[in-house]
Amino acid sequence: MKTVFSGIKPTGNLGLGNYLGAFKAWGNLQNEYTCIYSVVDLHALTIRNDPQTLKENSRKIIMLYMAAGIDPQKSIIYLQSHVPAHSQLSWILGCHSYMGELSRMTQYKEKSENNENVNAGLFTYPVLMAADILLYNTHVVPVGEDQIQHVELARDIALRFNNIYGNILVVPEAKTASKLTARLKGLQNPTKKMDKSTKDPLDTIFLLDTEAEITKKIKRAVTDSEARVYYDTENKPGISNLLAIYAAITNKTIEDSELDFQNKSYGDFKQSLIEVVLGELNPLQKEFNRLSQDTAYVDNIIIKNAQRAEEIAEKTLAKVQNALGIGK
Ligand code: TYM
């Protein structure tokens, strides 16, 4: 079986962007692929975190993975910092990456503007991400649109490495869940990405939001004055984004979604969307809450899965070290 690898950074609470753009689809891949899903806590260190909060956020994501249908017996779900090979391979790959290509990364450019803490980790972030992917002989990396450039860099690094040292690394490919939700927009700023680290709490629906919060956020979502529900990202970014959410959750096409609201008001549309979002998130939250009570079970999953991940990662690292003439 081919391997799927992906990860989420435990900064802030996960939002609908992360869910519809990425990990809602991850559970479905489990029968076709060997799936490995990481909580990339080392990547979270490019910003300053409260240690206790970081720990809790990481654990929450492990539980959300499970609540979203990822089976920890079948797939591997683990914390990146529990597998030292990530940092070890990252250094090696960093010595095979160029300042020029790292400087061209859009995320680096965006995050280094308007930011007081432009640390070296922000710059080498995609190298660590390449190490994550390449350690597990990954074929497919399911991500949202904003991470495609990083996966392409991982491809370039793998190809470069193989050219020098022989066929050692598997060359990965990025895959987005669906065009519609590959870059879900904010509810208040529908031309910008919905971001879990947003400063405007009305902009993002968080997966653990209460019914009242979800209702309020959708009711307040920015629309336009035309009062007709149809998809046109250029002229109607707000309504189009809400339609994308509706279509993604109900598994309908955009055309069928538009038909559902022909001759309906924005108020009616929003009410239906509220019901659809609550219908999707309620079971997820219930399962999350159940898992939160079962500390011993979750602890055990975290420990056992890290061991499974480490076994694979160590093998790749040893091959790479051997090719370079380093290591034991
Ligand atoms: P992160 O934690 O920012 O986001 C996790 C996943 O959610 C996707 N995503 C979105 N998709 C659609 N619309 C949005 N508004 C939206 N916001 C976020 C992201 O594209 C991502 O798939 N660098 C990565 C984490 C990472 C990783 C990896 C991913 C580290 N190593 C190896 C894949 C493979 C990140 O910060 O994602």
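Here the residue index of a chain counts from 1 through its sequence in written order. A pLDDT threshold of at least 70 governs which residues receive local features in this predicted model, and a stricter bar of 80 or more applies before side-chain atom pairs are shown or counted, although totals over entire chains, interfaces and linings include all residues. Calculation of side-chain values draws on the structure's entire complement of heavy atoms; hydrogens and water are dropped beforehand.

Peer 1: I keep staring at the overall build of the protein and nothing clicks. Help me out?
Peer 2: The helix and strand labels rest on DSSP assignments: H or I over at least four residues marks a helix, E over at least two residues marks a strand, and numbering proceeds from the N terminus. Check the secondary structure of the protein and you find 12 helices and 5 strands. Here the globule rule reads 2.2 Å times residues to the power 0.38, and the radius of gyration is calculated from C-alpha atoms. The C-alpha atoms of the protein give a radius of gyration of 20 Å, which matches the 20 Å a tight globule of 328 residues would have. By principal-axis analysis of the C-alpha atoms, the protein measures approximately 70 × 45 × 40 Å. Expressed as a percentage of its 328 residues, the buried residues of the protein come to 48%. Exposure is judged per residue with a 1.4 Å probe applied to protein chains only, and the accessible area is read against the type maximum: over 50% gives exposed, under 20% gives buried, and values in between give partly exposed.

Peer 1: Looking at this structure, how should I read the site of the ligand?
Peer 2: Residues in close proximity to the ligand total 27 residues, the closest being Tyr125, Asp132, Asp146, Leu184 and Lys196. Taking Lys9, its main chain carries an N or O atom lying 2.9 Å from an oxygen atom of the ligand. In the environment of the ligand, an oxygen atom lies 2.9 Å from a nitrogen or oxygen atom belonging to the backbone of Gly144. Every element with two or more residues in the shell around the ligand is listed here: strand E1 (3-8), helix H1 (16-23) and helix H6 (120-135). Here the residues of the shell around the ligand sort into 12 nonpolar, 9 polar and 6 charged. Proximity is defined per residue: if any heavy atom of the residue lies within 4 Å of a molecule or strand, that residue is considered near it. Any pair of nitrogen or oxygen atoms within 3.5 Å is treated as a polar contact; in protein, a donor-acceptor pairing is required on top of that, and neighbouring residues in sequence qualify only through side-chain atoms on both sides. The nonpolar class holds Ala, Val, Leu, Ile, Met, Phe, Trp, Tyr, Cys and Pro. Asp, Glu, Lys and Arg form the charged class, and all remaining residues, Gly among them, are polar.

Peer 1: Honestly, the environment of Ile274 in this entry has me stumped. Any pointers?
Peer 2: Of note, Ile274 is situated in helix H11 (residues 266-293). Along the chain, Ile274 and Ile214 lie 60 residues apart, while their C-alpha atoms are 7.1 Å from each other. Any two residues whose heavy atoms approach within 4.5 Å at even a single point are treated as in contact. Those residues in contact with Ile274 that sit more than four places away from it in its chain are Thr215, Ile218 and Lys219.

Peer 1: It is not clear to me how unusual backbone geometry should be interpreted in this structure. Could you clarify?
Peer 2: Negative phi characterises most residues that are not glycine, and trans characterises most peptide bonds. Phi at Ala227 is positive, roughly 60°, even though this residue is not glycine. On the secondary structure map, Ala227 appears in the loop between helix H8 (211-220) and helix H9 (237-250). Take Ala227: its relative accessible area is 47%, and that puts it in the partly exposed class. The phi dihedral of Asn263 is positive, around 60°, even though this residue is not glycine. The topology assignment puts Asn263 in the loop between helix H10 (254-260) and H11. A relative accessible area of 80% means that Asn263 is categorised as exposed.

Peer 1: What exactly am I supposed to notice about the packing of helix H3 (residues 85-94) against H6 here?
Peer 2: Packed helices, taken two at a time, are described by the angle their axes make and the gap between the axes. Helix axes are fitted only over the stretch in contact, all axes being lines through C-alpha atoms; the angle between N-to-C directions runs from 0 to 180 degrees. With their axes 8 Å apart at the nearest point, H3 and H6 run at an angle of 115° to one another. Crossing hand, H3 versus H6: right-handed. Counted together, Ala85, His86, Leu89, Ser90, Leu93 and Gly94 of H3 and Val127, Leu128, Ala130, Ala131, Asp132, Leu134 and Leu135 of H6 form the full contact between these two elements. Among the residues forming the contact of H3 with H6, the class breakdown is 9 nonpolar, 3 polar and 1 charged. It is the rotation of the near helix from the far one that decides the hand of a crossing: anticlockwise by less than a right angle makes it left-handed, clockwise makes it right-handed.

Peer 1: Any chance you could explain the packing of aromatic side chains here in plain terms?
Peer 2: Any two aromatic rings considered together are summarised by their centre-to-centre distance and by the angle between their planes. Note on aromatic contacts: the rings of Phe and Tyr and the six-membered ring of Trp form a pair at centre separations within 6.5 Å, being stacked when their planes are under 30 degrees apart, edge-to-face when over 60 apart, and tilted otherwise. Scanning the entire structure with this criterion turns up 13 aromatic pairs. Aromatic pair Phe5 and Tyr136: ring centres 5.3 Å apart, planes at 10°, arrangement stacked. With Phe5 in strand E1 and Tyr136 in the loop between H6 and strand E4 (140-142), the pair connects residues that are 131 residues apart, well separated along the chain. Of the residues examined, Phe5 reaches a relative accessible area of 3% and is grouped as buried. Residue classification places Tyr136 among the buried residues on the basis of a relative accessible area of 1%. An aromatic cluster is present here, built from Tyr19, Phe23, Trp26, Tyr37 and Tyr65 joined pairwise through their rings.

Peer 1: Would you take a moment to explain the environment of Thr34 for this structure?
Peer 2: The residue Thr34 is located in strand E2 (residues 34-39) in this model. In this structure the C-alpha to C-alpha distance between Thr34 and Thr3, which are 31 residues apart in sequence, comes to 4.7 Å. Once residues within four sequence positions are removed from consideration, Thr34 is found in contact with Met1, Lys2, Thr3 and Val4.

Peer 1: Even after reading the chapter, I still don't get the pattern of salt bridges, so can you show me in this structure?
Peer 2: Salt bridges, as used here, are contacts in which a Lys or Arg side-chain nitrogen is within 4 Å of a carboxyl oxygen on Asp or Glu. Applying the stated criterion across every chain yields a total of 11 salt bridges. For the salt bridge of Lys193 with Asp146, the shortest nitrogen-to-oxygen distance reads 2.8 Å. One end of the pair, Lys193, is in the loop between strand E5 (173-175) and H8; the other, Asp146, is in the loop between E4 and helix H7 (148-165), and 47 residues separate them in sequence. Residue classification places Asp146 among the partly exposed positions, given a relative accessible area of 25%. Of the charged contacts in the structure, one is a salt bridge between Glu226 and Lys236, with a shortest N-O distance of 3.0 Å. Of this pair, Glu226 sits in the loop between H8 and H9 while Lys236 sits in the loop between H8 and H9, and the two are 10 residues apart along the sequence. Judged by relative accessible area, which is 37%, Glu226 ranks as partly exposed.

Peer 1: Teacher, can you tell me more about the nonpolar core here?
Peer 2: When a protein is soluble and globular, its nonpolar side chains tend to lie buried together. Leu16, Phe23, Tyr65 and Ile245 are the most contacted members of the largest nonpolar core, which totals 59 residues. For this core, the leading source of residues is H11, giving 11 residues. Each residue touching Tyr65, except ones within four places of it in the same chain, is listed here: Gly7, Ile8, Phe23, Trp26, Tyr37, Ser38, Val39, Ile70 and Ile77. In this description, a nonpolar core means a group of buried Ala, Val, Leu, Ile, Met, Phe, Trp, Tyr and Cys residues linked to one another through side-chain atoms lying within 4.5 Å. Counting 37 residues, the second-largest nonpolar core is a separate cluster that includes Ala130, Val141, Val151 and Ile168.

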